[in-house]
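If you want the building blocks of each chain, they are given just below.
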Amino acid sequence: MHQLPYQPDPLPLLAALRPLGRAVLLHSAARNHRFAGLDIVAAAPRVVVETRGASTTVQGPEGTRISGADPFELLDEILEREAAVAGTRAPFAGGVIGLAGYDLGRRCGRLGDRLPASSGFPDLVAGFYDWVIATDHGTRRTRVHALPGRRTPEGLLGQLASLPAVRRAPLPQLLPEVGRSAYAEAFDRIQAWIRAGDCYQVNLAVPFSAPCEEDALALYAALTDRQPSPYAAFLETPAGAVLSCSPERLLHCEDGTIHTSPIKGTRRRHRDPVRDAAEAAALLASEKDRAENLMIVDLLRNDLGRSCLPGTVRVPELFELQSFPAVHHLVSTIRGELAPGVSPLTALGRAFPGGSVTGAPKLRAMQIIEALEPRRRGPYCGSVFRVDPAGRLDASITIRTLLLEAGRLTCWGGGGIVADSDAAAEWAEIHAKIGALIGAEGHLGDWPAQPSKAAS
């Protein structure tokens, strides 16, 4: 372990490590959030794992192999083998850091292939990192940690002696790839399925995109200045970069206890404190948002139940108001105790993708998403995760997330549709979320005077 000068901003550290390859930042940008407090920067993983479709490539010191096994099982094997170096008391001194995209869920084999691959970005990309730079904002300490028996790259400390400045680049105006009429038609089809009893809730998303030749880190710097979040992340790979300002945790596991905190219910923040408080109160009192949240709580209780000891799954917090710089959210927490023999990565695979970004029932909602959305989600609605040799796992849900790939910047906005949802309100909420993210209001125009006809 090496002590460095305290770095309240991890971006210069990240900029210094980018030349080493596959740089990653897990960024606790919302310092006032109760789960905030630790930034982790790493690069040059010992082992790299990438999944595309049914095939996973593992590259490491022993060479390259290709496997059709479940990628979470492969990561568990790597973690077990590399963890022979033993653990450490540090909050996170090394281990697996990765991103599982939403489309990894296709491995269940029942979603079909209506949506072709629209991106060269992997369904899963992860690395085993022997060392990290961690900043604990509670103790105001920045340290270089390495797993026992592992070493940092030669000359690393000298490389960190003079950190580069990080510039900010404005995000381009992102345009929706789905028009109002097409969204209205998809909305009406979901309503027909709900009335038929086929589903209860579907999280329908719209992609937004624009040409962009800017540097990924400069974009991320501007993004987190505008919308600091407790589970923000930056991942850079040869295929592209993922910029995430997620406010939502999918799973946290430590000492055998696992919990998830789904978000359902959103209101925009206002500068006027009276209006802002009124929006928060309206969210807390909203029967629609509570019902939507409760559906996902029930779904996630079932998801955790697949990995937990019987009778241990509880809901200690229901409909809690959490406020972020741009929005208020309604958040619940479900907690349980892992069953013997179930690893944190196994639990992550069983809960993936998060129910708050699919709908209920989960499989049927995912089939409807496949039928209605214009393209695959890629990294959106997946998870950025880390797990160490001691079995401590933390995983976000990659909402408020952008993909910079081949000169194009893409992000997605979505919302849960239930029986009493209003199409115009849902369309406006999606644009409000994207506007808050990129700093543009987004012109909505007038909702069509005549509603579209429902289709089954």
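You'll find the structure just up there.
Presented here is an overview of the structure given in this document. (Residues numbered from 1 in each chain as written. Predicted model: local features only at pLDDT ≥ 70, side-chain atom pairs only at ≥ 80, totals over all residues. Heavy atoms only, no water.)

1. Topic: the environment of Glu426
Inspection of the secondary structure puts Glu426 in helix H10 (residues 423–438). Exposure remark for Glu426: the relative accessible area of 4% places this residue in the buried category. Along the primary structure Glu426 and Ile296 are separated by 130 residues, whereas in three dimensions their C-alpha atoms are 18 Å apart. Setting aside chain neighbours within four positions, we find Glu426 in contact with Tyr183, Phe187, Lys288, Gly415, Gly416 and Ser421. At 3.5 Å, the side chain of Glu426 forms a polar contact with the side chain of Ser421. (Helix = DSSP H or I, 4+ residues; strand = E, 2+ residues; numbered from the N terminus. Buried < 20%, exposed > 50% of the residue type's maximum accessible area, 1.4 Å probe, protein only. Contact = heavy atoms within 4.5 Å. Polar contact = N/O pair within 3.5 Å; in protein donor to acceptor, adjacent residues only side chain to side chain.)

2. Points about unusual backbone geometry
In this structure, the amide linkage connecting Phe352 to the following residue, Pro353, adopts the cis form with an omega of -10 degrees. In this structure, Pro353 sits in the loop between helix H8 (344–351) and strand S20 (359–360). Of note, the amide linkage connecting Ala360 to Pro361 takes the cis form, showing an omega dihedral of -10 degrees. Relative to the helices and strands, Pro361 is located in the loop between S20 and helix H9 (362–372).

3. What to know about the packing of aromatic side chains
Taken as a whole and assessed by the stated rule, the structure comprises five aromatic pairs. Judged by centre distance (5.3 Å) and plane angle (50 degrees), the rings of Tyr183 and Trp427 are tilted. Placement of the pair is Tyr183 in helix H4 (residues 180–195) and Trp427 in helix H10, with a sequence separation of 244 residues. Under the relative-accessibility criterion, Tyr183 is labelled buried at 2%. Under the relative-accessibility criterion, Trp427 is labelled buried at 5%. Grouping aromatic residues by their ring pairs yields a cluster made of Phe72, Phe352 and Phe385. (Phe/Tyr/Trp six-rings, centres within 6.5 Å; stacked < 30°, edge-to-face > 60°.)

4. Some remarks on helix H6 (residues 273–285)
With 13 residues, H6 extends 18 Å from end C-alpha to end C-alpha; this agrees with the ideal 18 Å at 1.5 Å per step. Looking only at H6, the buried set comprises Asp276, Ala280 and Leu283. On an axial view of H6, the arc spanned by its buried residues comes to 60 degrees, and they lie on one face. Facing away from the buried side of H6 by over 90 degrees, the exposed positions are Val274 and Ala285. For H6, the secondary structure elements touched by its buried residues are strand S17 (263–268), helix H7 (287–305), strand S18 (314–323) and strand S19 (327–337). (Expected span 1.5 Å × (residues − 1). Arc of directions from axis to C-beta.)

5. What to know about a nonpolar patch on the surface
On the surface, a nonpolar cluster with roughly 210 Å² of combined accessible area is contributed by Leu294, Val315 and Leu318. Counting through the fold element by element, Val315 comes out in strand S18. (Patch = residues over 30% accessible without salt bridge, like charges linked within 9 Å, V, L, I, M, F, W, Y side chains within 5 Å. Areas by Shrake-Rupley, 256 points an atom, 1.4 Å probe, with all protein chains shown as cover. Salt bridge = Lys/Arg side-chain N within 4 Å of Asp/Glu carboxyl O.)

6. Describing the side chain of Ser332
As for its position among the elements, Ser332 is in strand S19. Among the residues examined, Ser332 registers a relative accessible area of 0% and is labelled buried. Beyond its immediate sequence surroundings of up to four residues, Ser332 is in contact with Thr260, Ser261, Pro262, Asn293, Val297, Glu317, Leu318 and Phe319.

7. Considerations on the pattern of salt bridges
Summed over the entire model, instances satisfying the criterion amount to 27 salt bridges. For Lys288, the salt bridge goes to Glu426, with nearest N and O atoms at 3.5 Å. Placement of Lys288 in helix H7 and of Glu426 in helix H10 is noted, with a sequence separation of 138 residues between them. Note that Arg392 is salt-bridged to Asp388, the shortest N-O span being 2.6 Å. Like Asp388, Arg392 is buried.

8. Side note on the pairing of S19
Counted residue by residue, S19 has nine buried out of 11 residues, so it is predominantly covered. Relative to S19, strand S16 (residues 257–261) runs antiparallel, the two being bridged by four bridges. Of the residues in S19, the one forming a bridge with Ile258 is Gly336. Both S17 and S19 contribute to a ladder of four bridges, which runs antiparallel. Among the inter-strand pairings, Arg268 is bridged to a residue of S19, identified as Val327. As paired strands, S18 and S19 are joined by six bridges and run antiparallel to one another. From the neighbouring strand, Ser323 faces S19, where its bridge partner is His328. If you look at the hairpin formed by S18 and S19, you'll find three residues sitting between the two strands. (Pairing = 2+ DSSP bridges.)

9. Examining the packing of helix H2 (residues 71–82) against H8
At a minimum axis separation of 9 Å, H2 and H8 run at an interaxial angle of 170 degrees. The angle between H2 and H8 places the two elements in the roughly antiparallel class. Side by side, H2 and H8 meet where Phe72, Leu75 and Asp76 of the first sit next to Leu345, Thr346, Leu348 and Gly349 of the second. Here the residues of the contact of H2 with H8 are counted per class, giving four nonpolar, two polar and one charged. (Axes fitted to C-alpha atoms, helices over the stretch in contact; angles between N-to-C directions. Parallel < 35°, antiparallel > 145°, perpendicular 65-115°, else oblique. Nonpolar A, V, L, I, M, F, W, Y, C, P; charged D, E, K, R; others polar.)

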